[in-house]
Amino acid sequence: MLRDITIGQHFPGNSLVHRFDPRLKLVLTILYIVLLFAASNPLGLALSLVFLAVMYAVAKIPFRLILKSLKPIFPIIVFTAVLNLFFVSGEGDPVFKLGFLTVYAEGIRYAVLMAVRVMALIAGTSLLTYTTSPIVLTDAIEQLLKPLGRLHFPVHELAMMMSIALRFIPTLIEETDKIMNAQKARGAQLDNGKMTERIKALVPVLVPLFISAFRRADELAMAMECRCYRGGDGRTRLKVLRCEKQDYIDLAVCIACFAVILASRLVFPNF
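Conventions used here
- Residues numbered from 1 in each chain as written.
- Predicted model: local features only at pLDDT ≥ 70, side-chain atom pairs only at ≥ 80, totals over all residues.
- Heavy atoms only, no water.
- UniProt positions renumbered as here; feature names shortened; annotations may be inferred.
- Helix = DSSP H or I, 4+ residues; strand = E, 2+ residues; numbered from the N terminus.
- Buried < 20%, exposed > 50% of the residue type's maximum accessible area, 1.4 Å probe, protein only.
- Contact = heavy atoms within 4.5 Å.
- Areas by Shrake-Rupley, 256 points an atom, 1.4 Å probe, with all protein chains shown as cover.
- Expected span 1.5 Å × (residues − 1).
- Phe/Tyr/Trp six-rings, centres within 6.5 Å; stacked < 30°, edge-to-face > 60°.
- Lys NZ or Arg CZ within 6 Å of the ring centre and 35° of its normal.
- Core = buried A, V, L, I, M, F, W, Y, C linked by side-chain atoms within 4.5 Å.
- Salt bridge = Lys/Arg side-chain N within 4 Å of Asp/Glu carboxyl O.
- Axes fitted to C-alpha atoms, helices over the stretch in contact; angles between N-to-C directions.
- Parallel < 35°, antiparallel > 145°, perpendicular 65-115°, else oblique.
- Left-handed = near helix turned anticlockwise from the far one by under 90°.
- Nonpolar A, V, L, I, M, F, W, Y, C, P; charged D, E, K, R; others polar.
- Polar contact = N/O pair within 3.5 Å; in protein donor to acceptor, adjacent residues only side chain to side chain.

Under the UniProt heading Subcellular location (unreviewed entry), the note attached to the protein is "Membrane".

This is how it looks when you write it as structure tokens:
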């Protein structure tokens, strides 16, 4: 069981993306998310996807891991696309009508753009966790929030909680798949039937999932207490985060790429 706690989403490597300073990497990830909504035209999203594909290629992360990160949120992507498809109106004649629902060309456009934006957002944040170990990510978050410590803000505790939450996302996803497969083997119909029937069928999945999550949290707390964890007071680090010359070069390249993507929205707003 303790072995399960140490398994993470981190994909080991020695690429430029892996060696990039985690503080700058975290800031660039946030900027990339903002950029996805700022440059929301087709050209901007296309350039954002190209940039993300290059980053994954440099990091040498297999394509299957991208699909694995997108699989759990696929229903959310479909739901978001359907909302934009049927509830975004436009000028001119509709493309087709489905009962009382009308689909316009603008609705199709916004549905596709929204689905691509959500997938790029998830893939971009997954790149951060794939190329950064949870311990290093915790140190980066703590360093960025360090100025708040002067206001007696529990920076270390917050960074630790965020790191643990990121760490257990893939574990909970894997646990959900196991529980769903076990329920299907017992004859549960999770993918068939009406919407109300599907919601009721999720109860046998959610209950053991919550029990498993609380059990893992209790085991993790016990393991930390056995290792005499007492918070961030007086703690030292084996490796102190420092920005090297290569980090600044990578930062400049990424900012230049972001500027080009943002400029595409200003120069070609309708393309």
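K.L.:
Whenever I open this one, the overall build of the protein confuses me. Can you help?
P.N.:
A tally of helices and strands in the protein yields twelve helices and two strands. When the 271 residues of the protein are sorted by exposure, 34% land in the buried category. When contacts within the protein are restricted to residue pairs at least 6 apart in sequence, long-range pairs at least 24 apart make up 73% of them. On the protein, roughly 17300 Å² of surface is accessible, and the fraction owed to carbon and sulfur atoms is 68%.

K.L.:
Please clarify how helix H12 (residues 245–267) should be interpreted in this entry.
P.N.:
Each α-helix turn comprises 3.6 residues. Residues three or four places apart therefore point the same way. Over its 23 residues, H12 extends 33 Å from the first C-alpha to the last, a length consistent with the 33 Å expected when each residue adds 1.5 Å. Those residues of H12 not exposed but buried are Asp247, Asp250, Leu251, Cys254, Phe258, Ile261 and Ser264. Among the structural elements, helix H2 (16–19), helix H3 (22–38) and helix H4 (42–59) are those in contact with the buried residues of H12.

K.L.:
How should I be thinking about the packing of aromatic side chains in this particular structure?
P.N.:
To describe a pair of aromatic rings, one takes the distance between the centres and the angle between the planes. Here the structure, examined in full by the defined rule, presents three aromatic pairs. Arranged with centres 6.2 Å apart and planes meeting at 40°, the rings of Tyr32 and Phe258 form a pair that is tilted. Here Phe258 lies in helix H12 and Tyr32 lies in helix H3, a separation of 226 residues in the sequence. A residue is classified by how much of its surface remains accessible, and Phe258, at 9% relative accessible area, is buried. Through a chain of ring-to-ring contacts, the aromatic side chains of Tyr32, Phe51 and Phe258 assemble into a single cluster. Between the NZ or CZ atom of Arg109 and the centre of the ring of Tyr110, over which it lies, the distance is 5.7 Å.

K.L.:
Please clarify how the nonpolar core should be interpreted in this entry.
P.N.:
Counting 34 residues, the largest nonpolar core has Tyr32, Phe51, Tyr56, Ile61 and Leu127 as the members making the most contacts within it. The biggest single contributor to this core is helix H7 (residues 105–131), with nine residues. Here Tyr32 is in contact with Ser48, Leu49, Phe51, Leu52, Ala120, Gly124 and Phe258, once residues within four sequence places are set aside.

K.L.:
Mind showing me how you'd approach helix H6 (residues 74–87) here?
P.N.:
Between the first and last C-alpha of H6 there are 20 Å, a value that for 14 residues agrees with the 20 Å anticipated at 1.5 Å per step. Among the residues of H6, those classed as buried are Ile77, Thr80, Ala81, Asn84 and Phe86.

K.L.:
What should I look at first to understand the pattern of salt bridges in this one?
P.N.:
Close approach of charged atoms allows side chains with opposite charge to pair. Across all of its chains, the model carries three salt bridges by this definition. Glu174 is the partner of Lys178 in a salt bridge, and the nearest nitrogen-oxygen pair spans 3.7 Å. One end of the pair, Lys178, and the other, Glu174, are both in helix H9 (residues 155–185), four residues apart, so they sit about a helical turn from each other. Put simply, Arg216 and Glu175 hold a salt bridge, and the shortest N to O gap is 3.2 Å. Of this pair, Arg216 sits in helix H11 (residues 203–226) while Glu175 sits in helix H9; the two residues are 41 residues apart in sequence, bridging distant segments of the chain. Glu175 matches Arg216 in its accessibility class, with the two residues each being buried.

K.L.:
Whenever I open this one, the UniProt feature "transmembrane region" (unreviewed entry) in the protein confuses me. Can you help?
P.N.:
UniProt marks residues 30–58, 70–88, 108–130 and 248–268 with the feature "transmembrane region" (unreviewed entry), using the numbering shown here. Taken as a whole, residues 108–130 contains 100% helix and 0% strand, while its terminal C-alpha atoms sit 33 Å from one another. End C-alpha atoms of residues 248–268 are separated by 30 Å, and the span's content is 95% helix alongside 0% strand.

K.L.:
Any chance you could explain unusual backbone geometry here in plain terms?
P.N.:
A negative phi angle characterises most non-glycine residues, just as the trans form characterises most peptide bonds. A positive phi is found at Lys60, a non-glycine position, where the angle reads about 60°. Tracing the backbone through its elements, the reader meets Lys60 in the loop between H4 and helix H5 (63–70). Even without being a glycine, His152 presents a positive backbone phi close to 60°. Of note, His152 is situated in the loop between helix H8 (134–144) and H9.

K.L.:
Before we go on, may I ask you to explain the environment of Leu31 in this structure?
P.N.:
Structurally, Leu31 is set in helix H3. Separated by 227 residues in sequence, Leu31 and Phe258 place their C-alpha atoms 8.4 Å apart.

K.L.:
Please explain the packing of H5 against H7 as it appears in this structure.
P.N.:
To describe two helices that pack against each other, one gives the angle between their axes and the distance between the axes. One way to put it is that H5 packs onto H7 with a least axis distance of 9 Å and a crossing angle of 120°. Here H5 is positioned oblique relative to H7, judged by the angle of their axes. Remark: the crossing between H5 and H7 carries right-handed chirality. Contacts between H5 and H7 pair Leu65, Ile66, Ser69 and Leu70 from the former with Met119, Ile122, Ala123, Ser126 and Tyr130 from the latter. The residue makeup of the contact of H5 with H7, split by class, is seven nonpolar, two polar and no charged.

K.L.:
Explanation requested: the side chain of Arg216 in the structure shown.
P.N.:
The class of Arg216 is buried, set by a relative accessible area of 7%. A polar atom in the side chain of Arg216 sits 3.2 Å from the side chain of Glu175.

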